[in-house]
Structure formats: C-alpha cells, structure tokens
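Letter by letter, the chains look like this.
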Amino acid sequence: MALLTHTIPNLMNGVSQQPVTIRLDNQAEEQVNGTCRVSDGLSKRLPIEMIRAEEYLQIGSPFTPIVFADETTKMHMVKGVDSAGVSRTCQIALDGITGSLVYRFLESPFTRGFWAWNDNYLKTTDKSNIKFLTNGQTTYVLNKEIVVDMTGGLASDPELYMVRQGALGFVKQGFFGTSYICEINIINRVTGLPHGSVAPQIVTFTTNSSTATTNITELQVTQIANDATAAAPLRALSKELETKRVANAYLNSHTEIISDDNWFQLKWKAASIEPNDYRIEMKCTSTTAATAIYAVNGVTTDPLTLPKTGPEGYVVKVDADPTAAGDQYYLKYLAVNNGWSESGRLTEPEEFDFNTLPYQLDNIIEIIANPSAFTMDHLEIAPRTVGDEETSPNPSFVDHQLNDMFIFNNRLGFLSQNNVIMSRIDEFTTFFRTSVATSLAADRVDLKAAVPSARYTDLHSAVPFETAIMLFGDAAQYVLQTTTGFDVTKTSLQTSTEYEASQKVAPINLGASVYFPVTRGAYSGIFDLSRKDGIGLTAEEATHHIPTYISGDVVEMTYSSVENILFARTNTDKRTIYVQNRFIRQTILEQNAWHKWTVPNDLLYINVLGSRLYICMVADDGISLIRTSMDISTTRIVQDETLIIGFLPYLDYLQLIPQGDVLVVDSYTDYFIAPENEALMVGVDVHGSQYIGLAAINAALVTEDIYVGIPYRFAYTFSEQVPAQASDGQRTVYQYGRLALRSMKISFVNTGKFDVVVTPTGRNPYTTYFTGTILGGLSSLLGRINIATGVFKFPVNARSNEVSITIQSSYPYPCTFNTCEWQGLFTNNAGRM
C-alpha cells in the first residue's frame, strides 16, 4: 500500500468516450456550459445576452403568426457599413411553409419587416434545400427543389427564321465587258427539288466592253448591283430582278426585294406561309472572275465574302467546313455596329424563366439609411446571344435543380447534378459563350465530375479552399483545377478523396482545413480535410474519441477564426450546441476539446461574427422568435475598490432593466420573458445581490437597475482516475491493484461560488461548497461580490472506479479552473518479478 499524489496539469481537453485506460488525464467524462482555452484553462461560459424577441404576422387576413420550426426555418446574417457610416447587422429568417422572408436589424433602430410572403420559390418542407450566399452588397437565396426552366421553348423556329430572310446577293468587283448573272430558284426544303410550277428566274447585267475613261463609273459595284436612277444603258441587277419578280405571279405574291449599296435581298413576304415548305436559292456568277459577285443563301464558308453593308438584322451562318460539326457561328448585320457582329441564329433567343432562378437581394444594409437602394428580384441570366444549341449549348443546369452556388475568382458558380457551372468572369449573369468564332478564356465553365466508383455522385456543396474550390459530392470530393483566370481550355475536375459527406449542412472552411459532417446511425462525426505534408488531401476524424457524443444529424456549423472555436448543432438535441476548442501550433492540432453548451429554448440558428456568437431560438409557443448573442472571447475580470461588479452576471437571456421599469411576461416591447421561463427568472443588482422570481425583481426595480436572466448550470465531471506511471513518453497502467482516492485539490482564478459533488457507487452523493469567500483575503469585502483566486480542497474517500466527481455552478458568478491534484492510497495486489 502506497500513498500517491498525481497532478492533472490542466482541464482543457474536453470530453472523451475512450476507455479510461487510454484516455488522457485532462479529458472529462462530461463537460457542460464550460469552455477550455490554452490561455485560461477551464471556465464557465459567458452568458447569452438578449437582443430582441417578437412574432411575425402573416400578410393578409387573418393576421395569423408565422410558426417557426427548425425543420423549415433557414436563417442568415449580413453585416456591413451603410451609406451613413453606421455598422449594421441584419438577420434574415426564411420560413419554408409560408414562403416568407423576414428580417431584423440587430442595432438601434431595430428595424424589421417582410421581404416576401407566400412566394412559391421560397417554399420548402426541409430547410437544407435553402442556400444563402452573400457577396459584398448582394445576397442570393437558392432553393434546391426548384428546377431551372426556359420560358416556353424556343421563341421561334431557328431554321424557319433563316429561310424566311431569303437570299442575299452582292457585287464585290467591277470588270469591263463582264456579264453578272443571278439565278433564282424556289427549292423544296424536304426534297431539295425545284418548285414544280416556278421556273428558274435568270437576270443578267453586262458592263460596257469599252475601257474608256467615261465608262469607269459603270464599274462601281453599287451601279452594277443597284442602279437607283435606272438610266439607260445601265440596268442594275436589282432592277432586273425586280422586273422578273413582278412579272412572275408566284414571286410577286410571296416575295419582295430590298436593295442598297452593292447588295440586293430577295425575301419572303411576312404574310407568306411558303417558307414552311420552300426556300429561296440564289446563284450568282460572272463571266470574268469568281470573286466579282457572290450569293449568300443564309450561309457562307468565309466571312470575308460578305458585303460591307447588308440588310438590317440579316443573319448569316459561317461554316468553313460543312462536313464538320460544331465549328459554325453566326453573323448579323447591325447598322448601329456599322458592320457584321457575331450573334445567334435567332432574333428572339430563348430566355430563362426567372421565377425558377435564385433571388438576388441588393443593398440589404441600406434599408435604414436609404430604403430605396434595396432591391429584391430573381437573378436574370442573359439569353444566348451568339451561336446555336450546338456551338453554345444551354448551361447544364437547365431542366435540373441547382444544388449550391458560390463565387470564386470573380465568377458566379452553380452545382447541378454532377456538374459545376461558372459564369463569365465579372459577368455573373452570363452563362452562355460570348463568342463561338473564338475560344475565350474568360467565358463560362461547364464541367462534369468524373465518377470515381460504381456509385453515381451528385455535387451538393462548394467550399473555397486554399487557392481552389473544393466540391463535395455525396460519395466523393473534388478539387477544381485551373490556371490563372480560369482558362476554360485548361480547367478540370480531379477527384481528391472519397468520403460520404452529409448533405444536411454545407462544409465550412477553417483556413488550413475544411470540416464536413458524416452520419453514423443515430450519431454524427466531423472530419477534418486538409493537406498533409504539403502533398495530398486527407481527411482525419476530429471526433474519433467521441463516436456517440454528437446526437443526430448535424444541421448547422459555424466557426470563429478569431477564437479558434467551432460550433455545431443537430436536428435531435435541439437545446444543445456542440463546441470544439482548437489550438494549433505550427500546423499541428494540439488541442481538440469537445463539449456541450445548453440553451433555454429550441435552437433555430447559430452563427459567429468575429468574437460574438449569435443564437436564435423559438419559445415554446412556436411563434416567439428570440434573438440573442454571447461573447466567446476571453473575458478578464477586473476588480478594485472602485468597482462593485467587474463582470456581467452569468445568466442566460441576460438583460439590464432600468430602475422604474416593470417586467411583464410575454411582452414584445423592450424586454421579453417567455411564460415557460418566468419561474426561473433571477435578478442581480450591481452589488451582486440576488432576487428570485418576477415579483421580487419588480420590487427591486423600484429603487435600482437590475440584471435579469435565467441561471444555467456549468458542470465538469472528471474521468475515472487510474493508477498509472509515465516514463519516456509511455504510460503504464497498473491493473492488478486498486486506487482509493482520499482528497482532491483544484486551483481556481477569479472564481465565485461553486460546488463539488462526489457520488460514490451505492452511496448518497455529498456536496462540498465553495462560497467565494476566503477569510482574511483581500477579495472578501462587505457589500460586494466575492471573487477569489486560490486552491480548494475537498474529500473524496472512495475507490477511483466507484465514484463520480463533478464541479458544478448554477450561480451567476464566473468560474475558472486550472490544475487539479489528487491524493490516494494504492494497493498493489502482487509484487513484480
């Protein structure tokens, strides 16, 4: 038998579910409402502070309140500085049942209101279908259930449009003594045979054979093609063609001629239905040179053969190799451009049904300073302006759902099925090619992810990571590999890892790594995806030591890069926030402390901005939306003779009520108390005196300001202490023996009242109280809260494997604990050989 002492150097490694023989000394059985930092040790978490509570009434009659439920309510936050120079935070709530989008500003004036109600695009029974994305002054809202649609199919038949505009002839060069010949045929569009009752119409114009100077003007191509004066001896081709057209009953009834400059166009009349079956074919030749005159029947092999001017809106298909597919493009003559511009083959291109595209909210922060600056409408993706369905196909998200949206390298991107589609650089509404004649590096990107296994993989989340984009599928992860500027000819998707990531919540970027959840039956785990040794991406489980700790599916994660704290919540444990305190030294994770925080009501939303965690809850009535926040930074408690209380009382829903006010339950004015919390209310004055119950609080408010709130319990349960010896980095556990704990000592800093509960197996628990007062200490002064620093010793007197030891505090005072030391008798059952 030996009397042993052992020191636990700190209490900062959270909870472990590993066997006690391999568990670290400073890992706990349970930790609730605490936080553990390398700089401080184990502390009671700071209070949740009340911001506002209210209910929203549905627009219309009757004015019934919206019922907010975690399954159907999606929330988002936007922070910025408005035009008046005021920093503002706007919290958005989307209710999928009513299709409502409501907002609340969290700084005075506490403006709130509706943006949308009964909107079909916003309706959903599963909030995971809703994605928010904020980029500067713009916030997008996407519903994964909506299929992107084009309005009413093609605006017109592209082939019919090309046929209806007819044929175009033009004179390019003038020669003396040359006959310019134009032959017109009406051809069946199906058989390719000439019209049975319309003979070919041939017109000819011959220039003067004399090379005399006086005849040079006759060689002007505008004279040959179109003589406006029609003076003898000139009979320009357009005039000859017009004479032929008028003389032929069929042509006179169904066609018309337009001419100008050096060109002439024979087109179908607007009322004619002949283009449904027939097309106009023009053949132009000369007796001197093949380059003297050209005919364009809506198509050419060389754009250099087009006239300098042409009919307004005339579209020509340029196809250098008619035997090859996909190399054609279209040119349209536009006087405003003073020439031929690349275009599509339709004058009225097919357009998107904007009601099936995400919402775009602009200038949210300006609502208070400049309400007219705010706009809300669906994203308006531009239609196809060049090429056709083959050379500039629809984005692959057309007729499919959008799974996520992101912004990267000045491109707006979407995930749809197993495709990633990104807009043109700096043009978030351009998802078609801007040129099919030339491949442009800045044009849209549309890539399909390779399937790494026999299982099909949909892409559901995109996360910026390092200098690339990490794409998450339900069975694999990809990295978007590209060159600078996203050259579409050098962009590819490469499979990086194959993990089954949950689709309930998007992965989050933690800087050097990406966290994503996985579901294992009734529990969740969280993986840490990072680049190991600067080479490949590998995912290691950050919850490997707590496999059944996070209950249910993770539905929300948020991370403070300032404080290195991760927060997560699930769909089953609706009043619990799972917390991970992290500490990284030189890329090595040295602290991985998981624990829980509890809250008074059901959670709807958590989000970190800087060193403040914003928490939104709903009261038990289901309609009272409670907006709160809490400080997650290290708070130093400062006390001297001039200060009575150097900290905020540790009460949730903390509010400072001014003297003279009267608190009313379920009031949506300045202060809110839900009926279910009335019996729990505690008041604390600036001296630290407590008032229990609403009546006592209101009585105290007659004479002084009172902090009010709900007490919450901090608890830390030690792991079983096992007899062990450490040597050369190895830990040896003695299993042929028993350890009887006699007592323990805990060092504390700036700590108020707390209790230690010792529960031996088969015996009643007993509690040792620390009152916060150390007789003779400088902190023990009358008329003020006693906050002390020192060491607290308490008895245990039980076998280590048959006792539970818990530090707890439900008092509105701070608690911070550093090291712990225990003393016990160890009995070895046998000697060693």
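Residues numbered from 1 in each chain as written. Predicted model: local features only at pLDDT ≥ 70, side-chain atom pairs only at ≥ 80, totals over all residues. Heavy atoms only, no water.

Draft legend 1. Molecular detail of the overall build of the protein chain. Tallying secondary structure elements over the protein chain gives 5 helices and 57 strands in all. Seen along its three principal axes, the alpha-carbon backbone of the protein chain occupies a region of about 130 × 75 × 45 Å. Within the protein chain, the fraction of its 833 residues that count as buried is 52%. Long-range pairs, those at least 24 residues apart, make up 61% of the contacts in the protein chain with a sequence separation of at least 6. By element, 51% of the accessible surface of the protein chain is carried by carbon and sulfur atoms, the whole surface being about 35,500 Å². (Helix = DSSP H or I, 4+ residues; strand = E, 2+ residues; numbered from the N terminus. Buried < 20%, exposed > 50% of the residue type's maximum accessible area, 1.4 Å probe, protein only. Contact = heavy atoms within 4.5 Å. Areas by Shrake-Rupley, 256 points an atom, 1.4 Å probe, with all protein chains shown as cover.)

Draft legend 2. View of the packing of aromatic side chains. Throughout the structure, instances matching the rule amount to 30 aromatic pairs. Consider the rings of Tyr56 and Phe68, whose centres lie 6.1 Å apart with planes at 80°: the pair is edge-to-face. Placement of Tyr56 in the loop between strand 5 (49-54) and strand 6 (73-81) and of Phe68 in the loop between strand 5 and strand 6 is noted, with a sequence separation of 12 residues between them. Accessibility assignment for this pair places Tyr56 and Phe68 in one class, buried. Ring plane angle 50° and centroid distance 6.0 Å describe the contact between Tyr499 and Phe516, whose orientation is recorded as tilted. Here Tyr499 is found in the loop between strand 32 (492-497) and strand 33 (508-509), whereas its partner Phe516 is found in strand 34 (residues 513-520), with 17 residues between them in sequence. (Phe/Tyr/Trp six-rings, centres within 6.5 Å; stacked < 30°, edge-to-face > 60°.)

Draft legend 3. Region of the structure containing the pairing of strand 3 (residues 34-37). Residues of strand 3 alternate between two faces, with Gly34 and Cys36 on one and Thr35 and Arg37 on the opposite face, all of them buried. Where strand 3 and strand 4 (residues 41-44) come together, 4 bridges link them in antiparallel fashion. Bridging across to strand 4, Gly34 finds its partner in Lys44. What sits between the antiparallel neighbours strand 3 and strand 4 is a turn of 3 residues. (Pairing = 2+ DSSP bridges.)

Draft legend 4. Spatial organisation of unusual backbone geometry. Of note, the bond from Ser108 into Pro109 is cis; its omega dihedral lies within 30 degrees of zero at 0°. Mapped onto the elements of the fold, Pro109 is located in the loop between strand 8 (100-105) and strand 9 (112-116). The phi dihedral of Asn797 is positive, around 55°, even though this residue is not glycine. With respect to the element layout, Asn797 can be found in strand 55 (residues 788-799).

Draft legend 5. Main features of the pattern of salt bridges. As enumerated under the stated definition, the model contains 23 salt bridges in all. For Glu71, the salt bridge is made with Lys574, and the minimal N-O distance between the two is 2.4 Å. Highlighted residues: Glu71 in the loop between strand 5 and strand 6 and Lys574 in the loop between strand 39 (565-570) and strand 40 (576-585), separated in sequence by 503 residues. The salt bridge involving Lys131 is made with Asp404; its shortest N-O contact spans 3.5 Å. Of this pair, Lys131 sits in strand 10 (residues 130-135) while Asp404 sits in strand 25 (residues 404-408), and the two are 273 residues apart along the sequence. (Salt bridge = Lys/Arg side-chain N within 4 Å of Asp/Glu carboxyl O.)

Draft legend 6. Inspection of the sheet that holds strand 12 (residues 167-171) at higher detail. With antiparallel pairing, the 4 strands of this open sheet are ordered in space as 15-16-12-18. Bordering the open sheet on either side are strand 15 (255-260) and strand 18 (293-296), each of which pairs with just one other strand. Each strand axis lies, on average, 15° off the axis of its neighbour in the sheet, ignoring direction. The pairing of strand 12 with strand 18 spans 4 bridges and is classified as antiparallel. Bridged to Phe170 within strand 18 is Tyr294. Where helix 3 (residues 237-247) meets the sheet, its contacts fall on strand 12, strand 15, strand 16 (263-268) and strand 18, and the angle it forms with strand 15 comes to roughly 170°. (Axes fitted to C-alpha atoms, helices over the stretch in contact; angles between N-to-C directions.)

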